[in-house]
Amino acid sequence: MESLKHLGTSTQYVFSYDKNLLETFENKHKERDYFVKFNCPEFTSLCPITGQPDFATIYISYIPELKMVESKSLKLYLFSFRNHGEFHEDCVNTILNDLVELMQPRYLEVWGKFTPRGGISIDPYANYGIPNTKYAKMAEYRLLNHDLYPENIDNR
């Protein structure tokens, strides 16, 4: 835990995308599969065309292997998208790619539920499972069966 720079210190916010904010610590329960889930209901980014803000809840769920993401570093990382111009689908895939690179988890999924703009909401979902393992099969199954029960429209 000595290597964690953000936890327990004064928060320094970064206002542009920076995957180097992410930090990890050791998974002490490598012998079992278990899910870790993060909900970020205050995610913001910018439309790369108009510069208008986009708001979303980002759901991140993963089954750790050797490393786990430290939550304050994840919060700072997600906050770094605030002035970053990327489409919704790109934000979700960037988050997935960065977390896979960082942790090399057994399984990971990222779901963005963006608020409507112009009368339409966009909810991209991406996942990853270690290739040629049960986790890759899990990823395929969860992707193929994702969101089979559409939500009731509640204007979020």
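The rules behind the values
- Residues numbered from 1 in each chain as written.
- Predicted model: local features only at pLDDT ≥ 70, side-chain atom pairs only at ≥ 80, totals over all residues.
- Heavy atoms only, no water.
- UniProt positions renumbered as here; feature names shortened; annotations may be inferred.
- Pairing = 2+ DSSP bridges.
- Helix = DSSP H or I, 4+ residues; strand = E, 2+ residues; numbered from the N terminus.
- Axes fitted to C-alpha atoms, helices over the stretch in contact; angles between N-to-C directions.
- Contact = heavy atoms within 4.5 Å.

Going by an unreviewed UniProt entry, the chain carries the name NADPH-dependent 7-cyano-7-deazaguanine reductase and comes from Helicobacter winghamensis. Word for word, the UniProt comment on the chain under Subcellular location (unreviewed entry) is "Cytoplasm".

(A) Spotlight on the sheet that holds strand S5 (residues 107-114). The strand order S2-S3-S5-S6 describes an open sheet built from four strands, whose pairing is antiparallel. Strands at the two margins of the open sheet, each flanked by one partner only, are strand S2 (36-46) and strand S6 (125-129). Direction aside, neighbouring strands of the sheet carry axes that sit 15° apart on average. Both S5 and S6 contribute to a ladder of five bridges, which runs antiparallel. By the bridge assignment, Glu-109 is partnered in S6 with Asn-127. Of the strands in this sheet, S2 and strand S3 (53-63) touch helix H1 (residues 71-79), which is tilted by about 20° from S2. In the packing of helix H3 (residues 134-144) onto the sheet, the strands contacted are S3, S5 and S6, and the crossing angle to S6 comes to about 160°.

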